[in-house]
Amino acid sequence: MSWSVHLPALMLAVPLFGAFSTPIVALGGRRARMIWSVLISSVLLVLSFCLLQYVATEGTAVYVMGGKAWNLTLPSGMAYPVRIILEVDSFNSFIAVIGCFASLAGVLFGLRFLDRFSGKIWYSALYFLLTAGMLGLILTGDLFNFFVFLEIASVSSFGLIAYWRDRPESIEASFKYMLVSQIAAMMVLLAIGFLYGRYNLLNMAAVGKVIQFGLAEKVALVFMITALAMKCGAFPMHMWMPDAYAEAPASVTVLLVVVSQASLVGLCRIVFSVFGSAIVGDVVPWALITLGMMSMFFGVSMAVVQHEVKRLMGYHSVSQVGYMLMAFGVGLLAMGDPRQMADFGMTSMKGGIFHMVNYVTYKGLLFLVAGALYYVTGTRDLDKMGGLAKRMPFTTFMFVIAAAAISGIPPFNGFVSKLLIYESSFAVHPALSVVALVTSILTLASFVKVFQTAFLGPEKKEFSKVKEVPASMVLGMAVLTVVILGLSLFPTWVVSHLVEPAATALVDKGAYIGAVLGGGI
Amino acid sequence: MFGSLFTGFGYWDFGSWLLFFILAGAMTTWLRSQGRQDYKKGTEQDQIYFSGNELPDSEEITVPASSSYWGFRKALKPYYDKLVAFHSGQTVTYVGWFLVTTALLMVLIIL
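Residues numbered from 1 in each chain as written. Chains lettered and ligands numbered in written order. Predicted model: local features only at pLDDT ≥ 70, side-chain atom pairs only at ≥ 80, totals over all residues. Heavy atoms only, no water.

1. Remarks on the overall build of chain A
Spelled out, the test is: Only DSSP runs of H or I reaching four residues or more are called helices, and only runs of E reaching two or more are called strands; each is numbered from the N terminus. Radius of gyration: over C-alpha atoms. The globule rule applied is 2.2 Å multiplied by the number of residues raised to the 0.38 power. Only protein chains enter the accessibility calculation, which uses a 1.4 Å probe; a residue whose area is less than 20% of its type maximum is buried, one above 50% is exposed, and one in between is partly exposed. Residue contacts follow a heavy-atom distance rule, with two residues in contact if any of their heavy atoms lie within 4.5 Å.
Helix and strand counts for chain A come out as 19 helices and four strands. At 22 Å, chain A has a C-alpha radius of gyration in line with the 24 Å of a compact globule built from 521 residues. Taken over the C-alpha atoms alone, chain A extends approximately 80 × 60 × 40 Å along its principal axes. A total of 521 residues make up chain A; the buried ones form 67% of that total. Across chain A, every contact between residues at least 6 apart in sequence was considered, and the portion connecting residues at least 24 apart equals 81%.

The structure is reproduced here in structure tokens:
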């Protein structure tokens, strides 16, 4: 048996090992902790590439935890799914790679960014715990296991958001996130309870095989949609997001962005792979489209008038998530009709998945740039900044790339995914595209504001001695810049080799179920 | 790898865009080279013209972020008053809207 069959488990074991071993390694000093952190996240990135390659060549990987088979065959001959499984297909393996890139970028950036502060050992432990929670959410094929990873990710997030515990705002942001997260966790648990009570199953594929669209299932679906939409920052449940993203250290915010996308992966799994064609009527897809449109427009409206750089970017996260929700809503709307699916449904799904990936890269980079600005100026208020472009040429260059990408300016990756979303949503109703376009214009407007006020203009006296941020921070930003440039320069290859297989894997419920259950239960 | 990406309604071609960008850049550079070349660095031509007034301290002539798009915000004042008030920062609002959304979706999907 090749070692590569254990890749899904290694993707969780490595960050967990990192989390628990860091406090011990840190006894060897600051340098040992730094090297260990970079080593763990680099190994994780390599493993994620191996997993992507494995799935591309061998097909969907199913890993049974603690056993050889996913089922227990009863004396009656019934094969009953009892084991926890990880199911990795083209969709979640792709997202996992991008998540690992962001995790590495955050680790590199955090090496010097947090140098002036205490509690770095616990920071590193929680960082890897959050990475493990994020990857668990993305890779799991079990409903209860999904809840466990959701909690692991949430609990570690609370600690990391409140990292600057001497700031009352940090404690407040963490508390607010904890409050809404725990309500969401209870909703997810109730939803799982409804499904378990109905089918005695927790395996996502097994539930997907037998699911009907009765009352209990509808209640479970609503709890799942609202809880996970809240976790990824959909309007009007988004209010925790600007608070938490602004108060967390920048190296943590980049990982929080990935965790929000892991929640969206979970939402997609539930909606497409578990429920899928069992969903009757257009209410669910239109609910997603409406949440998406509101998130896009109101998120960007709030962002335009912010003058605190990380809050501004936090509101942009709300609006960017709106694009994805709308794209997946349009995909779900077309799912019942093969012709509509071919006409615009698949394009929308591809746009949604590509935008998820793009969002993680450029939004992660923007938060790191905000962190770099805070590192050199000691403020997050744009009113107090100015003329930093000459002093910070690398940061400025990378900010321009990220800002152009998020604003959908060609030839950057954000433009390509937005183009797919505009054109497919136009087929449903032109108003959807209009809202998306207006959002894009306002996004550009607010990032022009950031560029003009922070980087351009006359130099402020108090920043006359400012220098570019340390090399490790530049390297952290460079990791994401390289990914953005790669996605921008080769969009055709990325879409045909990574995004399209991911979209096909997501909408093909039969293949998802077949990969796990084979002959059935 | 550099081929066209078809969207179902149109396409995106990075190569064509790059070609257009290079051509437009070359044309702009050529047009610029045809202009007057009597600029002398280090003379009064370098001074900023501020409507004939004395130039204030450089920090005073910047537009702070909170004043950017002032007209936009002024024109949409009723909308922004409501939107900003909606973001009260109170935990009751956070939880309340979460529950309202859940209840609304529950009614719509169950009915």
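2. Considerations on the overall build of chain B
The test is simple: Note that accessible areas follow from Shrake-Rupley with a 1.4 Å probe, and for residues the cover is restricted to the protein chains shown.
Assigned secondary structure in chain B consists of four helices and two strands. In sequence order, chain B lays out its α and β elements as β-β-α-α-α-α. Oriented by its inertia axes, the alpha-carbon framework of chain B measures out at about 75 × 55 × 25 Å. Classification of the 111 residues of chain B by burial places 19% in the buried group. In the structure as shown, chain B presents an accessible area of about 8,600 Å², 65% of it carried by carbon and sulfur atoms.

3. Comments concerning the pairing of strand 4 (residues 85-88) of chain A
Residues and elements named next belong to chain A. Worth spelling out the cut-off: Strand pairing follows a simple DSSP-based rule, namely that at least 2 bridges must link the two strands.
The alternating pattern of strand 4 places I85 and E87 and L86 and V88 on opposite faces, both of which are buried. The pairing of strand 1 (residues 61-64) with strand 4 spans four bridges and is classified as antiparallel. Considered in strand 4, the bridge of A61 is made with V88.

4. Details of the interface of chain B and chain A
Put simply, the rule reads: Residue polarity is assigned by list, with Asp, Glu, Lys and Arg as charged and Ala, Val, Leu, Ile, Met, Phe, Trp, Tyr, Cys and Pro as nonpolar; anything else, Gly included, falls into the polar class.
Of the residues lining the interface, 44 residues belong to chain B; the matching set on chain A comes to 70 residues. Residues belonging to the side of chain B that touches chain A are distributed by class as follows: 27 nonpolar, 14 polar and three charged.

5. Side note on the packing of aromatic side chains
Convention followed: Only centres within 6.5 Å qualify two rings of Phe, Tyr or Trp (six-membered ring in Trp) as a pair; their planes then separate them into stacked at under 30 degrees, edge-to-face at over 60, and tilted for everything else. Whether a charge lies above a ring is judged from NZ of Lys or CZ of Arg, which has to be within 6 Å of the ring centre and within 35 degrees of the ring normal.
Taken as a whole and assessed by the stated rule, the structure comprises 34 aromatic pairs over all chains. Aromatic side chains F109 of chain A and F113 of chain A sit 5.2 Å apart centroid to centroid with 40° between the ring planes, which places their arrangement in the tilted category. With F109 of chain A and F113 of chain A both in helix 3 (residues 90-113), this residue pair falls four residues apart, about one helical turn. You'll find F109 of chain A and F113 of chain A in the same group, each marked buried. Put simply, the rings of F109, F113, F117, Y123, Y127, F128, Y163, W164, Y374 and Y375 of chain A touch in pairs and so form one group of aromatic residues. Its guanidinium or amino end placed over the ring of Y375 of chain A, R116 of chain A lies 4.1 Å from that ring's centre, counting from NZ or CZ. Note that R73 of chain B overlies the ring of Y80 of chain B, its terminal NZ or CZ placed 6.0 Å from the centroid.

6. Here we look at the nonpolar core
Threshold: The set of buried Ala, Val, Leu, Ile, Met, Phe, Trp, Tyr and Cys residues whose side-chain atoms join them within 4.5 Å is what this entry labels a nonpolar core.
Membership of the largest hydrophobic core comes to 225 residues, with the highest contact counts inside it found for F91, F94 and F328 of chain A. In terms of residue count, the dominant contributor to this core is helix 13 (residues 338-377) of chain A (21 residues). The residues touching F91 of chain A, leaving out its near neighbours within four places in the chain, are V265, C268, R269, I353, M356, A502, A505 and L506 of chain A. Counting nine residues, the second-largest nonpolar core is a separate cluster that includes V300, Y315 and L442 of chain A together with Y80 of chain B.

7. Some remarks on the side chain of K509 of chain A
Among the secondary structure elements, K509 of chain A is positioned in helix 19 (residues 509-517). With sequence-adjacent residues up to four places away left out, K509 of chain A is seen in contact with G208, I211, F272, S273, V274, F275, G276, S277 and A278 of chain A.

8. Observations regarding the confidence of the model for chain B
Keep this limit in mind: What pLDDT reports is the predictor's confidence in each residue, on a scale of 0 through 100.
With 95% of its residues at a pLDDT of 70 or more, chain B shows a mean pLDDT of 88. Least confident of the elements in chain B is strand 1 (residues 5-6) of chain B, whose mean pLDDT is 88; most confident is helix 3 (residues 77-86) of chain B, at 96.

9. Some details on the pattern of salt bridges
All names here are of chain A. Stated precisely, the cut-off is as follows: When a carboxyl oxygen of Asp or Glu lies within 4 Å of a side-chain nitrogen of Lys or Arg, that pair is called a salt bridge.
Scanning the model with the defined rule gives 14 salt bridges over all chains in all. Between E169 and R167 there is a salt bridge, and its shortest N-O distance comes to 3.8 Å. Among the salt bridges present, the one from D243 reaches K176, with a minimum N-O distance of 3.9 Å. Of this pair, D243 sits in helix 9 (residues 240-247) while K176 sits in helix 6 (residues 168-199), and the two are 67 residues apart along the sequence. By relative accessible area, K176 is classed as buried at 6%. Put simply, R167, E169, E247, E308 and R380 are held in one network by salt bridges that share partners.

10. Quick look at the packing of helix 4 (residues 120-139) of chain A against helix 10 (residues 250-275) of chain A
Between two packed helices, what matters for the description is the angle formed by their axes and the separation of those axes. All names here are of chain A. Formally: Every axis corresponds to a line fitted to the C-alpha atoms, with the helix fit spanning only the stretch in contact, and the corresponding angles, defined between N-to-C directions, vary from 0 to 180 degrees. An angle below 35 degrees is read as roughly parallel, one above 145 as roughly antiparallel, one from 65 to 115 as roughly perpendicular, and any other as oblique. Whether a crossing is left-handed or right-handed is set by the direction in which the near helix is turned from the far one by less than a right angle, anticlockwise for left-handed and clockwise for right-handed.
Contact geometry of helix 4 with helix 10 gives a least axis separation of 8 Å together with a crossing angle of 20°. For the element pair helix 4 / helix 10, the angle class is roughly parallel. Viewed along their axes, helix 4 and helix 10 form a crossing whose handedness is left-handed. The residues of helix 10 that touch helix 4, namely those facing Y123, Y127, L130, T131, M134, L137 and I138, are S251, V252, V254, L255, L256, V258, V259, A262 and V265. By residue class, the composition of the contact of helix 4 with helix 10 is 14 nonpolar, two polar and no charged.

11. Considerations on empty space enclosed by the protein
Residue and element names in this part refer to chain A. Counted only if it meets this: For cavity detection a 1 Å grid was placed over the protein atoms alone, and a set of points counts as a cavity when a 1.4 Å probe fits there but cannot get out; an open set counts as a pocket when protein lies on both sides within 12 Å along at least five of seven lines, with lining residues being those that have an atom within 4 Å of a point. Grid points are joined across faces, edges and corners, and a volume is the space filled by probe spheres set on the points.
Applying the stated criterion across every chain yields a total of three cavities of 30 Å³ or more. What the largest cavity holds in volume is close to 90 Å³. Every residue along the wall of the largest cavity is listed here: R33, S37, V107, G110, L111, L114, K120, Y123, S124, Y127 and F128. Going through the elements one at a time, helix 2 (30-58), helix 3 and helix 4 are the ones with two or more residues in the lining of the largest cavity.

12. Comments concerning unusual backbone geometry
Most peptide bonds take the trans configuration, and most residues that are not glycine carry a negative phi. Residue and element names in this part refer to chain A. A cis amide bond links F235 to the next residue, P236, at an omega of 0°. Put simply, P410 and P411 share a cis peptide bond, and its omega is 10°. Relative to the helices and strands, P411 is located in the loop between helix 14 (393-406) and helix 15 (413-428). Positive phi, normally seen in glycine, also occurs at N200, with a value near 55°. Note on placement: N200 falls in the loop between helix 6 and helix 7 (204-210).

13. So, the UniProt feature "transmembrane region" (unreviewed entry) in chain B
Residues and elements named next belong to chain B. What counts, and what does not: UniProt positions are given in the numbering used here, feature names are shortened, and annotations may be inferred rather than shown by experiment.
In the numbering used here, UniProt assigns the "transmembrane region" (unreviewed entry) feature to residues 14-31 and 92-110. The span residues 14-31 is 100% helical and 0% strand by assignment, and the distance between its end C-alpha atoms comes to 25 Å. Taken end to end, residues 92-110 has its terminal C-alpha atoms 26 Å apart, with 100% of it in helix and 0% in strand.

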